[in-house]
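The lines below spell out each chain.
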Amino acid sequence: MDHLITLQKFTAPLKDGHIVVSYQGDSGWLTPPITWAWIEEELVITNVLDSKIPLSVGDVVIEINGESVAAYFEEVNSRISAGTKGWLNYRAEQQSLMGEKGSELNIKVGDEDIKLIRNHYPFSSATRMSDYEKINDSVFYLNLNSIAMEDIDMLLPELAKSKSIICDLRVYPRGNHGFISYLLKEKDTSDSWMQTPQNIYPDRKETTYQNANWLLPNKKPYLGDKQIIFITKGSAISYAESYMGFIKGYKLATIIGQPTAGTNGNINRFELPGGYNIRWTGMKVIKHDGSTLHGIGFLPDIYVHRTIEGVKEGRDEYLEAAIELTRK
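My aim in this report is to walk through the structure given alongside it, one point at a time. Fair warning: this is a prediction, and the values are worked out from it, not measured in the lab.

Cut-off values and rules
Residues numbered from 1 in each chain as written. Predicted model: local features only at pLDDT ≥ 70, side-chain atom pairs only at ≥ 80, totals over all residues. Heavy atoms only, no water. Pairing = 2+ DSSP bridges. Helix = DSSP H or I, 4+ residues; strand = E, 2+ residues; numbered from the N terminus. Contact = heavy atoms within 4.5 Å. Axes fitted to C-alpha atoms, helices over the stretch in contact; angles between N-to-C directions. Salt bridge = Lys/Arg side-chain N within 4 Å of Asp/Glu carboxyl O. Buried < 20%, exposed > 50% of the residue type's maximum accessible area, 1.4 Å probe, protein only. Parallel < 35°, antiparallel > 145°, perpendicular 65-115°, else oblique. Nonpolar A, V, L, I, M, F, W, Y, C, P; charged D, E, K, R; others polar. Core = buried A, V, L, I, M, F, W, Y, C linked by side-chain atoms within 4.5 Å.

## Comments concerning the sheet that holds strand β9 (residues 139-143)
So, step 1. Pairing is mixed across the open sheet formed by 6 strands, whose spatial order is β8-β9-β10-β13-β14-β18. The open sheet has two edge strands with one neighbour each: β8 (132-134) and β18 (302-303).
So, step 2. Inspection of the sheet shows strand β13 (residues 227-232) paired to strand β14 (residues 254-257) by 4 bridges, in the parallel sense. Paired with T232 across the bridge in β14 is G257.
So, step 3. Seen against the sheet, helix α4 (residues 149-161) touches β8, β9 and β10 (164-168) and runs at an angle of roughly 155° to β9.
So, step 4. Packed onto the sheet, helix α7 (residues 317-326) meets β9, β10, β13, β14 and β18 and runs at close to 165° relative to β13.

## As for the pattern of salt bridges
Where charged atoms from two side chains of opposite charge come close, those side chains can pair.
So, step 1. Counting across every chain of the model gives 11 salt bridges.
So, step 2. Of the charged contacts, one joins E75 and R79 as a salt bridge, the two residues approaching to 3.0 Å between their closest N and O atoms.
So, step 3. Through salt bridges that share partners, E313, R315, E317 and E320 make up one connected network.

## Structural notes on the side chain of S181
So, step 1. As for its position among the elements, S181 is in the loop between β10 and β11 (194-198).
So, step 2. For S181, a relative accessible area of 2% puts it in the buried group.
So, step 3. Not counting the four nearest positions on each side in its chain, S181 is found in contact with L216, P217, N218 and K219.

## Examining the packing of helix α2 (residues 69-77) against helix α3 (residues 85-95)
So, step 1. Running from N to C, α2 and α3 point in directions that differ by 105°, and their axes come no closer than 10 Å. The angle between α2 and α3 places the two elements in the roughly perpendicular class. Of α3, the residues touching α2 (which contributes F73, V76 and N77) are L88, A92, E93 and Q95.
So, step 2. Its residues placed into classes, the contact of α2 with α3 shows 4 nonpolar, 2 polar and 1 charged.

## A closer look at the nonpolar core
So, step 1. The biggest cluster of nonpolar side chains holds 37 residues, and the ones touching the most others in it are L142, L144, L159, F179, F230 and I247.
So, step 2. Of all elements in the fold, only β9, α4, β10, β13 and α5 (239-249) reach the threshold of two or more residues within this core.
So, step 3. Leave out the neighbours within four places in its chain, and I247 touches L183, F230, L252, A253 and I255.
So, step 4. Core analysis: the second largest hydrophobic core is formed by 24 residues, L43, I45, I107 and V109 among them.

Given below as structure tokens:
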């Protein structure tokens, strides 16, 4: 365990969201039946899956294992490589809960000390949105994190009749980037946003890059004349950012939410002695305008911030903001 932590601390300063140091003996690690998230600069309980636990959604945690939340997360954050704060928080909110099966996590909420047992598989999550939903007669919602491309194709007649289409890409697409073709007025000609390093000299001297791309066609029905809204945030990484590169680069939608993870490109893997493994980004990926993606991500046109009150009320404030935008 000490060696794993040392490797994590060595790689964290690289600020590469793809970096994960793992050990084959970690497979038994679990989490308590809760989730939490940083909201309004507080650590807030976002889900409770065991009714016996005296916690409620919206409760603010003030201590973890006898130390302040800030001190506890300072240690957790020191083991995570992340290009942006959004990805750092997303990883830390998960990693901070993990531990050996049956181990305790002691937290304090208000004046009450609560003992949690790690007995759930990572990560207990709140109910997810459906794959798609007709919000009203003119607004359609697509959950790109879960909907398959064949289902999007099936929905094309409905989408073509809609005035507004809300696309949810807060995590990771389900192989459905073909949807972009219906938003393109002309075929994609961006041919160098992905670049694979070519190293033939020692110490990576005179590195050259081989261009890679998607070169997507444009397809009918053309949906780009509608109001297209994309929801995203810091948990959207890699393939999700390839997707968002087209949305931002070709100005295909209004983007709302938070900046994406700022890490993209196929990964490299390396096996270390003793059963340890490390992975990291093995490509250079830039934005379609040639500017830097790594450590920045794609920035929203309209920022949305979750609130503690919204969490208590069970509201999806990102989706609410998107729906409100369709009314303007």
